[in-house]
Amino acid sequence: MSAVTTPDPQGDIVSTPSTTHADPRSGLPDAPSGVMETVGLNVYYGGFHAVHDVDLAFGRNEITALIGPSGCGKSTVLRCLNRMNDLIPAARVEGSVNYHGIDIYGPKVDPIEVRRRIGMVFQKPNPFPKSIYDNIAYGPRVIGMQVDNMDDHVERCLRQAALWDEVKDKLKESGYSLSGGQQQRLCIARTIATAPDVILMDEPCSALDPIATSAIEDLMTDLREDYTIIIVTHNMQQAARVSDRTAFFTARPDETTGNRTGLLVEYDKTSQIFENPRDQRTEDYISGRFG
Amino acid sequence: MTSRRNQIATQAARDVTLAQLDGSNRGGQWKGAVFKAVLVLCITVAIVTLVAVVLQAFFTGLPRLDMNLIRNMPSSIDRSTSGMQSAIWGTVRLMVGVAVTVVPLGVSAAIYLEEFADRTKWYVRLIELNIQNLAAVPSIVFGILGLAFIVRGPLDLGFVVYAGSLTLSLLVLPTIILTTREAIRSVPGSIREASMALGATKWKTIWKQVLPSSVPGIMTGTILALSRAIGETAPLLLVGATVFVTYNPDGFFEGAFTSLPTQIFAWATRPQEEFRILAAAGIIVLMGVLIVMNSLAIWIRNKFTRTW
Ligand SMILES: Nc1ncnc2c1ncn2[C@@H]1O[C@H](COP(=O)(O)OP(=O)(O)OP(=O)(O)O)[C@@H](O)[C@H]1O
Ligand SMILES: [Mg+2]
């Protein structure tokens, strides 16, 4: 795995995986095991170059955090990982995103199948205007998943999302009757209901209070046992608390057009990024001097 | 010393603000008053006229607002007990025909335009523009179209109920398409994204999320469209709603038919006093149906409109 080196457009190597530092999370391998990786990922919105040459590898049963200032393309990269960017007509993706070694932008790949394996939780809780039960059952039903007993399945998903005790008596009520934090956990439960392999989360706690946030963070740590999680966050403490690896992005204005194109600055174990960043820009950002 | 200066400064700022906020010397304030008076006058004229027409019809028609009106067939001999059963059944059949035709057609068109059509293509924009224009075409034009293409011409249905339904369907198709598009558009993108992110196909997302959320809007649009269709007279006269039918329509595809507004039209053109009263009674019935339909539409809209 050499995918984690990122040549800067200027030509110097800006990041290499650490091989020497011990990690607080015991057993975290130095290089991610590579469930997913992006190779030379470039994204354009029409003529606007949003993301430049991103090479990242995401490890199995790890939480990877994407951080960086607003507009640097974190959401854009995340949405490329399950082809949600296909829904934006102007978006164009170059390079490849490999999932178990298969390029999900390859000619034979069906984006629907990709999304069944790589689920997504959005920034704003977006439950369906249906009952809590149907919010969970919708995914398995709509993709024709074999479920022995839907009631049990719904319960299992809600338990996994740490929501069961709060909603077990009102499964028939609308998903909108829940609080924001509960809605977000419902959305997480809905995402794991289709048994994905990878879960993408785009600022899942940005609309939530500290208590709900901490509930979701605990949940992420639990879910790591079974899933590969990639999370975008603006909350530095959150990245430091929950993630195993952190990728720092920034936006650099193009000399000729002035467009701010996002690029990957540094990618490493979270402890490394926060305690001993290699790049000055990373250090400035995490110490609050920038962004 | 400083406090004294502060006081003066505060006082000065206050005076200036007061002078600026004072609106009494603003020129042309009377213009606003005149404008308002004109508006009030307009709305008064409109309301008074409406109430006068309704009351006039009501008091004229009241004596014949009885069971005979519904039970009996139109008759020119027994004027005092003549009814309009054939017209009521004709209208019911017409509306059923319109509903089963126009709802699937209009909703499909709206789904295509909202979800699939590429709006950068010139022909899509042309279609959109024409749908809007179609809503403003005089109804008699649809009558002529119906006569040429539905009663005769390619479809050749003859003067039957369904020919009337089809003609009225064309007339209200733009209403259904526009209201359905509005309803589809109001379903937020985040719901579609959530469904797609779970691995649902676009079609499943539309069918299971977008359409169910649009049903109240579609229903409201349908009722409003039907209430426009139910009062139409001119196009029906062209496609065969006969002014005097003494039996109920045999079916959608056979036999002569009449409708409430055509029956009212027939009575209103007769010189005899009894027919004038009958016409007024018919108007009351028609207006009652319309009020019920519109109230239903408003009720559905208020009850089910979701604030996302
Ligand atoms: N649908 C779109 N159409 C056009 N440009 C877009 C679109 N979505 C994002 N962009 C642009 O791409 C760039 C990256 O956006 P992106 O949403 O990925 O940033 P982000 O890092 O997630 O920012 P934030 O932290 O504010 O969420 C921005 O300059 C943005 O204006
Ligand atoms: Mg974002």
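Please read these numbers as outputs of a predicted model, since none were measured by experiment.

Cut-offs used in this document
Residues numbered from 1 in each chain as written. Chains lettered and ligands numbered in written order. Predicted model: local features only at pLDDT ≥ 70, side-chain atom pairs only at ≥ 80, totals over all residues. Heavy atoms only, no water. Domains from an automatic or database assignment. Contact = heavy atoms within 4.5 Å. Buried area = accessible area lost by both parts, 1.4 Å probe. Salt bridge = Lys/Arg side-chain N within 4 Å of Asp/Glu carboxyl O. Polar contact = N/O pair within 3.5 Å; in protein donor to acceptor, adjacent residues only side chain to side chain. Helix = DSSP H or I, 4+ residues; strand = E, 2+ residues; numbered from the N terminus. Nonpolar A, V, L, I, M, F, W, Y, C, P; charged D, E, K, R; others polar. Near = heavy atom within 4 Å. Areas by Shrake-Rupley, 256 points an atom, 1.4 Å probe, with all protein chains shown as cover.

Draft legend 1. Representation of the domain arrangement of chain B in the model. All names here are of chain B. We note that the domain assignment places domain 1 (2-64) and domain 2 (71-304) within chain B. The C-alpha centroid of domain 2 is placed 41 Å from the C-alpha centroid of domain 1. The interface of domain 1 with domain 2 comprises seven residues on the first partner and 12 residues on the second. Of the roughly 730 Å² buried between domain 1 and domain 2, counting both surfaces, carbon and sulfur atoms make up 72%. Of all residues in domain 1, Ala57, Thr60 and Arg64 give up the largest surface area on contact with domain 2, accounting jointly for 68% of the area buried on that side. Our count for the contact surface shared by domain 1 and domain 2 stands at zero salt bridges. On the surface where domain 1 and domain 2 come into contact, there are one residue pair in polar contact (both at pLDDT 80 or more).

Draft legend 2. Fine view of the interface of chain B and chain A. On the chain A side, the residues contacting the 18 residues of chain B number 23 residues. Buried area between chain B and chain A, summed over both chains or domains, comes out near 1,700 Å², and the portion from carbon and sulfur atoms is 63%. Its largest share of buried area at the contact with chain A, chain B owes to Glu193, Ala197 and Leu198 of chain B, together 35% of the area lost on that side. Taken together, the links from chain B to chain A amount to one salt bridge. Between chain B and chain A we count five residue pairs in polar contact (both at pLDDT 80 or more) in total. Ranked by residue count, the leading element in the side of chain B that touches chain A is helix α8 (residues 189-197) of chain B, at seven residues. Class assignment for the residues of the side of chain B that touches chain A results in seven nonpolar, seven polar and four charged.

Draft legend 3. How the structure looks around the site of ligand 1. Residues and elements named next belong to chain A. What surrounds ligand 1 is a group of 13 residues, the closest being Ser70, Lys74, Ser75, Thr76 and His234. Contact distances for ligand 1 include 2.6 Å between an oxygen atom and a side-chain N or O atom of serine 75. One of the side-chain nitrogen or oxygen atoms of histidine 234 is found 2.5 Å away from an oxygen atom of ligand 1. Summarising the interface, the protein chains cover 64% of the accessible area of ligand 1, which totals 630 Å² for the free molecule. Put simply, the parts of the chain that give the shell around ligand 1 at least two residues each are β2 (48-58) and α1 (74-80). The element best represented in the shell around ligand 1 is α1, accounting for three residues. Among the residues making up the shell around ligand 1, the classes are represented as five nonpolar, six polar and two charged.

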